[in-house]
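Listed below, chain by chain, are the residues.
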Amino acid sequence: MVMIQAQDSGRPAGLRGRVGELCYSSGLLHTLQRMRSWWRRDLRILAYHRVMELPDPEHFDFDLELISATPQQFRQQMQLLKQRFLPMRLSDVAALINAGKEVPADAVVVTFDDGYIDNYRIAFPILRELGVPATFFVSTGHIDSGRPYAYDWVVHMILRTRADRLQLPELGIDMPLPASRAERRALAGSVLTHMKELDAITQSALIARMEEAWQMPSDSAPADCLPMSWAQVREMHAAGFEIGSHGVHHRMLSKLPPTEMAYEVRHSKATLDRELGPSPMLMSYPVGGDRAFNARVIETTRAAGYELACAYISGTNPHPENNRYALNRLPVERNMGLGWFAAMLTMPHLMSYPTVHRTHAMNEAPSCFP
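Keep in mind it's a predicted model, so treat the numbers as computed, not measured.

Visitor: Hey, could you run me through helix H12 (residues 295-303) in this one?
Guide: Given 3.6 residues per helical turn, the α-helix brings residues three or four places apart onto the same face. Among the residues of H12, those classed as buried are Val297, Thr300 and Thr301. With its buried residues spanning 100° around the axis, H12 presents them on a single face. Summarising the geometry of H12, the exposed residues directed more than 90 degrees from the buried face are Ala295 and Ala303. Looking at the buried side of H12, the elements it contacts are helix H11 (258-276), strand E10 (282-284) and strand E11 (308-314). Regarding H12, its N-cap is Asn294, as a side-chain oxygen of that residue lies 3.2 Å from the backbone nitrogen of Arg296 further along.

Visitor: I would appreciate a short explanation of the packing of aromatic side chains in the present structure.
Guide: Given two aromatic rings, their pairing is described by the distance between the two centres and the angle made by the two planes. Scanning all chains against the criterion turns up 11 aromatic pairs. Relative to Phe124, the ring of Tyr120 lies with its centre 5.8 Å away and its plane at 25°, an arrangement referred to as stacked. Here Tyr120 pairs with Phe124, and both are found in helix H5 (residues 117-130), just four residues apart, close to one helical turn. When the centroid spacing of 6.2 Å and the interplanar angle of 75° are considered together, the rings of Phe136 and Phe241 count as edge-to-face. Here the residue Phe136 occupies a position in strand E6 (residues 135-138), and Phe241 occupies one in the loop between helix H10 (230-238) and strand E9 (242-245), the gap between them amounting to 105 residues. Judged on exposure class, the residue Phe136 and its partner Phe241 are both buried. Among the aromatic side chains, those forming a connected cluster through ring pairs are Tyr48, Phe74, Phe112, Tyr120, Phe124, Phe136 and Phe241. Of note, Lys196 hangs over the ring of Tyr151, and the distance from its end group to the ring centre comes to 4.6 Å.

Visitor: Can you walk me through unusual backbone geometry in this structure?
Guide: Among all residues except glycine, the phi angle is most often negative; among peptide bonds, the trans geometry is most common. Even without being glycine, Asp106 reaches a positive phi, approximately 65°. Tracing the backbone shows Asp106 in the loop between helix H4 (90-98) and strand E5 (107-114). Using a relative accessible area of 15% as the deciding quantity, one classes Asp106 as buried. Phi at Gln215 is positive, roughly 55°, even though this residue is not glycine. Within the secondary structure, Gln215 sits in the loop between helix H9 (200-213) and H10.

Visitor: In this structure, what is going on with the nonpolar core? I would like to understand it.
Guide: Generally speaking, nonpolar side chains in soluble globular proteins are found buried as a group. Counting 46 residues, the largest nonpolar core has Leu46, Tyr48 and Phe74 as its most contacted members. Those elements giving two or more residues to this core turn out to be strand E1 (44-48), helix H3 (71-84), E5, H5, E6, H10, H11 and helix H13 (338-346). Apart from the residues within four sequence positions on either side, Phe74 is in contact with Tyr48, Val51, Ala69, Phe112, Ala123, Ile126 and Leu127. By size, the runner-up hydrophobic cluster in this structure holds 33 residues, among which are Ile173, Met175, Met195 and Leu198.

Visitor: Looking at this structure, how should I read the confidence of the model for the protein?
Guide: Low pLDDT marks stretches whose predicted atomic positions should not be read closely. In the predicted model, the protein carries a mean pLDDT of 88, and 86% of its residues have values of at least 70. For residues 1-10, every residue scores under 50 in pLDDT, and the model assigns this stretch 39 contacts once sequence neighbours within four places are set aside. Predicted confidence for residues 356-370 stays below pLDDT 50, and this span has 34 contacts to residues more than four positions away or in other chains.

Visitor: What am I meant to see in the packing of helix H7 (residues 150-160) against helix H8 (residues 181-195) here?
Guide: The packing of two helices is summarised by the inter-axis angle and the distance between the axes. Close contact between H7 and H8 brings their axes to 9 Å; oriented N to C, the two are set at 145°. The crossing of H7 and H8 is right-handed. The segment H7 lies against H8, with Tyr151, Val154, Val155, Ile158, Leu159 and Arg160 engaging Arg181, Arg184, Arg185, Leu187, Ala188, Val191, Leu192 and Met195.

Visitor: What's the story with the environment of Gly115 in this structure? I'm lost.
Guide: Its location among the elements puts Gly115 in the loop between E5 and H5. Counting along the chain gives 131 residues from Gly115 to His246, while the straight-line C-alpha distance between them is 8.8 Å. If sequence neighbours within four positions are ignored, Gly115 has contacts with Phe137, Val138, Ile143, Tyr149, Pro227 and Met228.

Visitor: Help me understand the pairing of strand E7 (residues 165-168) in this model?
Guide: Regular strands place side chains that alternate from one sheet face to the opposite one. Burial of E7 is one-sided: the residues Leu166 and Leu168 facing one way are buried, the residues Arg165 and Gln167 facing the other way are not. Here E7 runs beside strand E8 (residues 173-176); their pairing, made up of four bridges, is antiparallel. Its bridge partner lying in E8, Leu166 is registered against Met175. Hairpin connection, E7 to E8: the antiparallel pair is bridged by four residues, and Gly172 has positive phi, about 70°.

Visitor: I'm lost on the packing of H3 against H5 in this one. Help?
Guide: The N-to-C vectors of H3 and H5 enclose an angle of 30°; their axes lie 10 Å apart at closest approach. Taken together, the axes of H3 and H5 are roughly parallel relative to one another. When you trace H3 past H5, the crossing you get is right-handed. Contact with H3, carried on its side by Pro71, Phe74, Arg75, Met78, Gln79 and Lys82, involves Ile122, Ala123, Ile126, Leu127, Glu129 and Leu130 of H5 and no other residues of that element. Taken together, the residues of the contact of H3 with H5 break down into eight nonpolar, one polar and three charged.

Calculation criteria
Residues numbered from 1 in each chain as written. Predicted model: local features only at pLDDT ≥ 70, side-chain atom pairs only at ≥ 80, totals over all residues. Heavy atoms only, no water. Buried < 20%, exposed > 50% of the residue type's maximum accessible area, 1.4 Å probe, protein only. Helix = DSSP H or I, 4+ residues; strand = E, 2+ residues; numbered from the N terminus. Arc of directions from axis to C-beta. Contact = heavy atoms within 4.5 Å. Polar contact = N/O pair within 3.5 Å; in protein donor to acceptor, adjacent residues only side chain to side chain. Phe/Tyr/Trp six-rings, centres within 6.5 Å; stacked < 30°, edge-to-face > 60°. Lys NZ or Arg CZ within 6 Å of the ring centre and 35° of its normal. Core = buried A, V, L, I, M, F, W, Y, C linked by side-chain atoms within 4.5 Å. pLDDT = per-residue confidence, 0-100. Axes fitted to C-alpha atoms, helices over the stretch in contact; angles between N-to-C directions. Left-handed = near helix turned anticlockwise from the far one by under 90°. Pairing = 2+ DSSP bridges. Parallel < 35°, antiparallel > 145°, perpendicular 65-115°, else oblique. Nonpolar A, V, L, I, M, F, W, Y, C, P; charged D, E, K, R; others polar.

Okay, here's the thing in C-alpha cells:
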C-alpha cells in the first residue's frame, strides 16, 4: 500500500523569512545585489500561480498552495522588481540567446502558470499599471472549456464530498475520510503528490471516477476556481503581455503516450495561434517537476519550434543557452514577506525554497494513514 503522508499547507516563514526581512530592513540587500551583479549574471525567472486575497481555509474549497501572493504583496513585489532589477520578457531572453549575447545583470522574468481568472482580474492590472512585463502560460483546453484544473478539482472534491470513505485502488487507498477540514486538506495534498506518480491516462480516469461516484462534475464548478476566457487572454495579449503554452489539458507530459504528448505540445501552440495570431513560442511544462518532463518531451518541444521552455525546478540559470528547454524558476509563496522576496532575488541559492518542498516533501512528513 502507498503510504500517504501529510503536507504542510501553510508553511511559516521560518529562518529564511526572518533572515530575509533582517537583511532587507538593514539595507544590506541593495549592497549585496550590486556586488553580485558584478560577478554573476544568472537569469532569474519568478513562478506564480494565483494572486488573490488570502481566504479562510475553513471556507475556501480549493488548493491553498496555488496562492502565490495577495494583491498587496504582488504590488509590492512588482514595485521592488521595477526599482531594483531589470524585468524582461521571456521572448527577449530568447532573442539574446539566439544572438549569442549574455543576459543583462539583474535580469528577472515574471511568469504565471495555468491561467486562473485572478491572473486577469488582479495580476494583469497591477503589471500593466507598473509597466512590468510578464508571460502567462495557459492550458488551452481549459480556456476553451472553462472547466477548472483537474488537480484543483481533486482538492475540491475531497474537501466537499459527503462520502464517508476515500477509495482509490490505483494508489492502494481505502480509508475513512477525516471529519476536519484541516485533515482533509492535508489528505488532498498527499493524494495529489502520489497521484502524479501514475501515468496521465490513469490519473484522468481516477479523477473522472471520483466525479461520477461523488456526483461532483467539474462542469458545475464555482467561479473562484475557473480559468480566464479567451476574450480576457486576448485583452492581455493586446496590452503587450506574452501568452505561452502550458499544454492543452494540464497533463504531465512525461506521463503520456508519445502521440498524446506530441498533441499537447503542438495543438496548444496551434490554438494560441488561432486565438492570438503568431506569437513567441514559449512553453511551461505542466506540473514541471523533474518527473513531469524528460528528454523525449524536450526534444518534442524543440522540434515543434518552441524557443524556450520552463520547468518548475527551483533555481536560477547561469547559462540559459545551455538549458533553454528546462529553465529553472524561483517559486513565489504566499508566506513570503517583501524582505524575503527581495532576499530571494538577491541571494536565490540561499533564500529560495528548494524543489524538495514541491516534489519530495511527502518523504519528510509523518504518515496520516494507518
